[in-house]
Amino acid sequence: MEVVEGHLEVDDLDAVLERLGAIGAEHDVAIQAFDARYVTGREHLRRACELADRAHAREEMIAHDPEVEILLYAAGRRQIQDALAMGVSQGQQPAVIVCHAVGDRQNGDGDENVSERERAAGEVVEAMECLDRADTLGAADPDLVAAFFDIADAERAATDATLSELVLERVAMLVVEK
């Protein structure tokens with residue numbers, strides 16, 4: 001998994017998603033863009049990719065597209081419409097863009113997949129004029145994250161788990177809810 005971080009200014013969401021899809025198709029990787037305010041860290045994204053890979057290997061995918069599958073797992077939702085809130089949208093936002101070669105987990109993260117992910121990530125940086133590179137993985141909004149993942153104050157008070165750990169639990173629960 002390669003990650004591209006930055007502030008994204010989206011005027012035409014369909015054009016941005018189409019461009020990311022074309023780059024992904026060219027390099028045979030799944031590319032998914034997230035609003036960084038919903039992402040609790042690199043482990044959150046890594047776990048979503050890992051679970052999407054597992055679903056792909058078992059032929060148990062919820063969605064037809066690997067990019068959407070990654071989004072569903074990252075959001076901990078079965079409904080695409082509900083998960084889309086975590087994706088990028090029209091306007092300005094901190095963004096995290098994941099480039100992931102589907103099946104990396106089963107293939108041992110081989111060198112071929114790594115180079116394709118790196119090439120795709122590099123092309124995302126070059127092609128996305130609306131992306132201003134910056135560190136955004138630390139941009140998670142705790143209140144927004146807690147509300148999106150339905151993590152109540154009482155739950156947070158009852159455990160010593162971090163918000164990120166609670167989100168990872170929600171992400172993993174999607175497998176159980178099938």
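Scroll up to find the structure.
Structure report, in brief.

What counts, and where the lines are drawn
- Residues numbered from 1 in each chain as written.
- Predicted model: local features only at pLDDT ≥ 70, side-chain atom pairs only at ≥ 80, totals over all residues.
- Heavy atoms only, no water.
- Helix = DSSP H or I, 4+ residues; strand = E, 2+ residues; numbered from the N terminus.
- Rg over C-alpha atoms; globule rule 2.2 N^0.38 Å.
- Buried < 20%, exposed > 50% of the residue type's maximum accessible area, 1.4 Å probe, protein only.
- Contact = heavy atoms within 4.5 Å.
- Areas by Shrake-Rupley, 256 points an atom, 1.4 Å probe, with all protein chains shown as cover.
- Lys, Arg positive; Asp, Glu negative; His and termini not counted.
- Charge placed at Lys NZ, Arg CZ, Asp CG, Glu CD.
- Core = buried A, V, L, I, M, F, W, Y, C linked by side-chain atoms within 4.5 Å.
- Disulfide = S-S within 2.5 Å.
- Expected span 1.5 Å × (residues − 1).
- Phe/Tyr/Trp six-rings, centres within 6.5 Å; stacked < 30°, edge-to-face > 60°.
- Lys NZ or Arg CZ within 6 Å of the ring centre and 35° of its normal.
- Pairing = 2+ DSSP bridges.
- Axes fitted to C-alpha atoms, helices over the stretch in contact; angles between N-to-C directions.

### A word on the overall build of the protein
When you go through the protein residue by residue, the secondary structure sums to eight helices and four strands. In sequence order, the secondary structure elements of the protein are arranged as β-α-β-α-α-α-β-α-β-α-α-α. Against the compact-globule benchmark of 16 Å for 178 residues, the protein has a radius of gyration of 16 Å, which places it among compact chains. With the C-alpha coordinates of the protein rotated into their principal frame, the extents come out at 45 × 35 × 25 Å. Looking at the protein as a whole, 44% of its 178 residues are labelled buried. Pairs at least 24 residues apart make up 77% of the contacts formed inside the protein by residues separated by at least 6 positions. Summed over its atoms, the accessible surface of the protein is roughly 8900 Å², and 44% of this surface lies on carbon and sulfur atoms. Looking at the protein, you have 16 positive and 39 negative side-chain charges, and the mean spots of the two groups are 6 Å apart.

### Let's talk about the nonpolar core
Counting residues in each nonpolar core, the largest one holds 36 residues, and the members touching the most others are Phe 34, Leu 45, Ile 70, Tyr 73, Met 86, Phe 149 and Ile 151. Taken together, the elements giving at least two residues each to this core come down to β2 (30-35), α2 (42-57), α3 (66-75), β3 (91-100), α6 (142-148) and α8 (163-176). Here this core takes seven residues from α3, the largest share from any one element. Beyond its immediate chain neighbours, meaning those up to four positions away, Phe 149 contacts Tyr 38, His 44, Ala 74, Ala 75, Gly 76, Arg 77, Met 86, Val 167 and Arg 170. Counting 19 residues, the second largest nonpolar core, distinct from the first, contains Val 4, Ile 23, Ala 95 and Ala 101.

### Considerations on the state of the cysteines
All chains considered together, the criterion is met by zero disulfides. The thiol of Cys 99 is unpaired, and the distance to the nearest cysteine sulfur, on Cys 49, comes to 9.7 Å.

### Details of α8
Between the first and last C-alpha of α8 there are 20 Å, a value that for 14 residues agrees with the 20 Å anticipated at 1.5 Å per step. For α8, the set of buried residues is Leu 163, Leu 166, Val 167, Leu 168, Arg 170, Val 171 and Leu 174. If you follow the buried residues of α8, they end up packed against α2, α3, α6 and α7 (153-157).

### Things to note about the packing of aromatic side chains
One pass over the full model with this rule turns up two aromatic pairs. Ring centres of Tyr 38 and Phe 148 lie 5.1 Å apart, and the angle between their planes is 75 degrees; on these two criteria the pair is classed as edge-to-face. Of this pair, Tyr 38 sits in the loop between β2 and α2 while Phe 148 sits in helix α6, and the two are 110 residues apart along the sequence. The same class applies to Tyr 38 and to Phe 148, which are both buried. Among the aromatic residues, ring-to-ring pairing joins Tyr 38, Phe 148 and Phe 149 into one connected group. Its guanidinium or amino end placed over the ring of Phe 148, Arg 77 lies 4.0 Å from that ring's centre, counting from NZ or CZ.

### Structural notes on the sheet that holds strand β4 (residues 131-133)
What holds strands together in a sheet is hydrogen bonding between their backbones, with the strands either parallel or antiparallel. Strand order in the open sheet made by the four strands is β2-β3-β1-β4, with antiparallel pairing throughout. Sheet topology places β2 and β4 at the edges, where each strand pairs with a single neighbour. The average undirected angle you get between the axes of adjacent strands in this sheet is 35 degrees. The sheet strands contacting helix α1 (residues 13-27) are β1 (2-10), β2 and β3, and the helix crosses β2 at an angle near 145 degrees. In this fold α3 packs onto β2 and β3, with an angle of close to 35 degrees to the strand it touches most, β2.

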